[in-house]
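# Residue-level structure breakdown
Given next are the chains, with one letter for each unit.
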Amino acid sequence: MRQEPIFTSWLPRHAELWGHAPMRLKHRLHEHELFTNEALARLVESYPREHYNLVQWGEHGASGSWREGEIRGLSGGEIIDSIAKGRVWINMRNLPTVDPRYGEVMNGIFEELEDYMPAFRTFTRKLGLLISSPLSRTLYHADLPGQSLWQIRGVKRVYIYPNAAPFITPELIERVALSGVEVNMPFEPWYDEHATVIDIEPGDMLHWPLNAPHRVDNHDCLNVSMTMEYFTDDIRRTHMVTVANGILRSKLGLKPRERTITGPAFWSKAVLQRALRDTSWVKRQNRARRAPEFRLDPTRPGCVAEIEAA
Ligand SMILES: [Fe+2]
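Keep in mind it's a predicted model, so treat the numbers as computed, not measured.

What counts, and where the lines are drawn
Residue positions within a chain follow its written sequence, with the count starting from 1. A pLDDT threshold of at least 70 governs which residues receive local features in this predicted model, and a stricter bar of 80 or more applies before side-chain atom pairs are shown or counted, although totals over entire chains, interfaces and linings include all residues. With hydrogens and water set aside, each side-chain value is computed from the structure's full complement of heavy atoms. DSSP calls a pair of strands paired once it identifies at least 2 bridges connecting them. Runs of E in the DSSP output that reach at least two residues are strands. Runs of H or I that reach at least four are helices, and both are numbered from the N terminus. Comment: axis = line fitted to C-alpha atoms, over the contacting stretch for helices; angle = value between 0 and 180 degrees taken between N-to-C directions. Should any heavy atoms of two residues lie within 4.5 Å, those residues are counted as being in contact. Domain ranges listed in this record stem from an automatic or a database domain assignment. Summed over both partners, the accessible area lost on bringing two parts together, with a 1.4 Å probe, is the buried area. For Na, K and Ca the donor cutoff is 3.2 Å, while for all other metals N, O and S atoms must lie within 2.8 Å; water is not among the atoms, so some sites may look incomplete. Only protein chains enter the accessibility calculation, which uses a 1.4 Å probe; a residue whose area is less than 20% of its type maximum is buried, one above 50% is exposed, and one in between is partly exposed. Any carboxyl oxygen of Asp or Glu within 4 Å of a side-chain nitrogen of Lys or Arg constitutes a salt bridge here.

With mixed pairing, the ten strands of this open sheet are ordered in space as S1-S10-S7-S12-S5-S4-S2-S3-S13-S14. Bordering the open sheet on either side are strand S1 (23-26) and strand S14 (304-306), each of which pairs with just one other strand. Strand-to-strand twist in this sheet, taken as the mean axis angle between neighbours without regard to direction, amounts to 30°. Looking at chain direction, strand S2 (residues 52-56) and strand S3 (residues 67-70) are connected through three bridges and run antiparallel. Pairing of valine 55 across the sheet is with glutamate 68, part of S3. Of the strands in this sheet, strand S4 (88-92), strand S5 (123-132), strand S7 (146-153) and strand S12 (223-231) touch helix H2 (residues 37-45), which is tilted by about 80° from S4.

Our next topic: the domain arrangement of the protein chain. Interface extent is often summarised as the accessible area lost during association of the parts. For the protein chain, the assigned domains are domain 1 (12-169 + 178-231) and domain 2 (234-278). Distance between the C-alpha centres of domain 1 and domain 2: 28 Å. With eight residues of domain 1 at the interface, the matching set in domain 2 holds eight residues. The junction of domain 1 with domain 2 conceals about 660 Å² of combined surface from both sides, 86% of it contributed by carbon and sulfur atoms.

Turning next to the coordination of the iron ion. Those protein atoms acting as donors to the iron ion are His141 (NE2), Asp143 (OD) and His214 (NE2), and they sit at 2.1 to 2.2 Å. Positions of the donor residues of the iron ion along the chain correspond to the pattern H-x1-D-x70-H. Here histidine 214 lies in strand S11 (residues 214-218) and aspartate 143 lies in the loop between strand S6 (137-141) and S7, a separation of 71 residues in the sequence. Judged on exposure class, the residue aspartate 143 and its partner histidine 214 are both buried.

Let us look at the pattern of salt bridges. Taken as a whole, this structure holds 18 salt bridges when the rule is applied. Glutamate 70 serves as the salt-bridge partner of arginine 72, at 2.6 Å between the closest nitrogen and oxygen. For arginine 72, a relative accessible area of 42% puts it in the partly exposed group. For glutamate 70, a relative accessible area of 12% translates into the label buried. The partner of arginine 236 in a salt bridge is aspartate 233, and the shortest N-O contact between them spans 2.7 Å. Taken together, the residues arginine 236 and aspartate 233, both in helix H7 (residues 233-250) and three residues apart, mark about one turn of the helix. What makes aspartate 233 partly exposed here is its relative accessible area of 34%. Salt bridges sharing common partners tie together Arg137, Asp192, Arg215 and Asp217.

Laid out in structure tokens, this is it:
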């Protein structure tokens with residue numbers, strides 16, 4: 001038997017809006033037993049190194065100064081205290097793999113969504129948890145899968161831009177698909193005049209149209225947020241066309257205009273990207289493999305200690 005519903009504000013109109021407009025829904029995960037301060041401390045304390053990225057940010061907007069670190073010798077409470085006082089964020093990826101109880105929560109969310117939207121079927125579901133320092137920023141970028149953002153603690157301001165030119169173009173999304181790097185997209189300050197701007201607090205969830213660029217500014221407080229990704233059959237087909245068009249454009253000098261996800265044009269692109277996606281033409285960068293340069297300093301909360309290169 002299902003527990004209490006996770007969504008607390010779903011209305012019939014949300015099924016019509018889903019994927020077509022940015023939308024905010026209410027949820028109750030911030031009060032769930034897996035998201036208490038104690039549960040979060042236990043989770044982060046033992047999170048496997050291969051499944052997290054700890055990143056220290058430099059000056060705001062200077063993405064080139066980000067560097068990777070690791071956690072050793074701190075309790076979960078000390079880690080969270082250090083993030084609250086520091087200038088870092090930790091992205092705990094693959095939550096359902098590391099702790100299947102969070103996978104049950106994720107599947108419960110999708111079951112509810114499928115109840116509300118019978119045609120909505122997802123696969124390659126992913127869930128991550130982001131704990132970030134006050135004033136942390138996520139720069140302007142776009143993601144390939146369907147996305148939602150769930151606020152557990154703290155407040156952040158999310159800017160969501162139209163998923164259309166000039167904010168995002170087929171060329172830009174192809175570049176993301178071929179390189180695996182979502183950031184370093186061109187951004188102009190006036191884009192903000194066209195953004196949907198929403199401050200989210202604990203109990204808020206945001207969902208936005210596929211590939212819609214977005215950026216995030218934490219308020220001056222510790223933030224805990226959950227990120228959820230998924231593919232539907234249409235999103236998977238869109239991704240295959242994006243990869244194929246990217247290959248045609250960047251490797252063969254063609255100018256693909258078709259983005260259809262059915263019929264012969266789709267299937268020939270499906271074959272093309274399938275044949276080439278594991279070659280050097282599609283070089284996805286693996287950011288999880290960067291060597292750690294620092295660790296959280298156990299003796300000085302909010303500070304980091306350098307790791308000497310081996
Ligand atoms: Fe994103």
